[in-house]
Amino acid sequence: MVSYLPCHPGPLPASPDLIQHTAINACITLLVSIAGMSITTIEGLGTIQRPHPVQSRMAQYNASQCGFCTPGMVMSLYAYLRSHPHATQEDLATCLDGNLCRCTGYRSIIDAAKSFAQDDLPTPYDDDNG
């Protein structure tokens, strides 16, 4: 018996991989449909020594508790930022729709995502007092 739903078969990625900078749900993607395309997984995004800025920001904002949802959140945010480099805080708050977190209540995850925004809305971590 499984105590969690590891992969949701549908259009919203539960643990997405990137196919040519588009987040997809690898569990339901036929291999033949991505033949010849570039594939990036969470393991290919950064390393412990040199994490990708999205990974660093998630850590900085304490946006991971148990870690179950972190790969999906990171890959979805990375894919969105690749396609929308001038995203607003509102855009970034909604780009993670479909990713499920059971621990953090989303606030720290959304704050980490919003910190990449190109608009002037302040986040709780923007003030000089820490």
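What counts, and where the lines are drawn
- Residues numbered from 1 in each chain as written.
- Predicted model: local features only at pLDDT ≥ 70, side-chain atom pairs only at ≥ 80, totals over all residues.
- Heavy atoms only, no water.
- Axes fitted to C-alpha atoms, helices over the stretch in contact; angles between N-to-C directions.
- Helix = DSSP H or I, 4+ residues; strand = E, 2+ residues; numbered from the N terminus.
- Parallel < 35°, antiparallel > 145°, perpendicular 65-115°, else oblique.
- Left-handed = near helix turned anticlockwise from the far one by under 90°.
- Contact = heavy atoms within 4.5 Å.
- Nonpolar A, V, L, I, M, F, W, Y, C, P; charged D, E, K, R; others polar.
- pLDDT = per-residue confidence, 0-100.
- Salt bridge = Lys/Arg side-chain N within 4 Å of Asp/Glu carboxyl O.
- Buried < 20%, exposed > 50% of the residue type's maximum accessible area, 1.4 Å probe, protein only.
- Phe/Tyr/Trp six-rings, centres within 6.5 Å; stacked < 30°, edge-to-face > 60°.
- Lys NZ or Arg CZ within 6 Å of the ring centre and 35° of its normal.
- Disulfide = S-S within 2.5 Å.
- Core = buried A, V, L, I, M, F, W, Y, C linked by side-chain atoms within 4.5 Å.

Trainee: Looking at this model, I keep getting lost on the packing of helix α1 (residues 53-60) against helix α2 (residues 70-83). Mind explaining?
Mentor: Across the interface, α1 lies against α2 with an axial gap of 9 Å and an inter-helix angle of 130 degrees. When the axes of α1 and α2 are compared, the pair comes out oblique. The way α1 lies across α2 gives a crossing that is right-handed. Where α1 approaches α2, its residues Val 54, Gln 55 and Met 58 are matched on the opposing element by Met 73, Val 74, Leu 77, Tyr 78 and Leu 81. Considered class by class, the residues forming the contact of α1 with α2 number seven nonpolar, one polar and no charged.

Trainee: What is the right way to read the confidence of the model for the protein from this model?
Mentor: Low pLDDT marks stretches whose predicted atomic positions should not be read closely. Per-residue confidence for the protein gives a mean pLDDT of 79, with 75% of residues at or over 70. Taken together, the stretch residues 1-6 has pLDDT below 50 and engages in five contacts with residues farther than four places along the chain or on a different chain.

Trainee: Whenever I open this one, the pattern of salt bridges confuses me. Can you help?
Mentor: Two side chains with opposite charge may pair up if their charged atoms get near one another. Tallied over the full model, the rule gives one salt bridge. Between Asp 111 and Arg 107 there is a salt bridge, and its shortest N-O distance comes to 3.3 Å. Of this pair, Asp 111 and Arg 107 both sit in helix α4 (residues 107-114), four residues apart, which is roughly one turn of that helix. A relative accessible area of 49% means that Arg 107 is categorised as partly exposed.

Trainee: Mind showing me how you'd approach the packing of aromatic side chains here?
Mentor: A full pass over the atoms with the stated rule returns zero aromatic pairs. In this structure, Arg 57 is placed above the aromatic ring of Phe 116, and the distance from its NZ or CZ to the ring centre is 4.0 Å.

Trainee: Mind showing me how you'd approach the state of the cysteines here?
Mentor: Where two cysteines share a covalent bond between their sulfur atoms, that bond is called a disulfide. Within this structure, the stated rule accounts for zero disulfides. Here Cys 69 is not cross-linked by a disulfide; its sulfur's nearest cysteine counterpart is in Cys 101, at 3.8 Å. Of the residues examined, Cys 69 reaches a relative accessible area of 10% and is grouped as buried.

Trainee: Explain the environment of His 86 to me, please; I cannot follow it from the model alone.
Mentor: With respect to the helices and strands, His 86 occurs in the loop between α2 and α3 (89-94). Residues His 86 and Asp 119 lie 33 residues apart in sequence; the distance between their C-alpha atoms is 8.2 Å.

Trainee: I'm lost on the nonpolar core in this one. Help?
Mentor: With 23 residues, the main nonpolar core has Val 54, Met 58, Met 73, Leu 77, Leu 92, Leu 96 and Ile 109 as its most contacted residues. Counting only elements with at least two residues in this core, the list comes to α1, α2 and α4. Broken down by element, this core gets its largest block of residues, seven residues, from α2. If sequence neighbours within four positions are ignored, Met 73 has contacts with Met 58, Leu 96, Asn 99, Leu 100, Cys 101, Tyr 106 and Ile 109.

Trainee: Would you mind showing me how to read unusual backbone geometry here?
Mentor: It is generally the case that most residues other than glycine have a negative phi and that most peptide bonds are trans. A positive phi is found at Asn 62, a non-glycine position, where the angle reads about 50 degrees. Tracing the backbone shows Asn 62 in the loop between α1 and α2.

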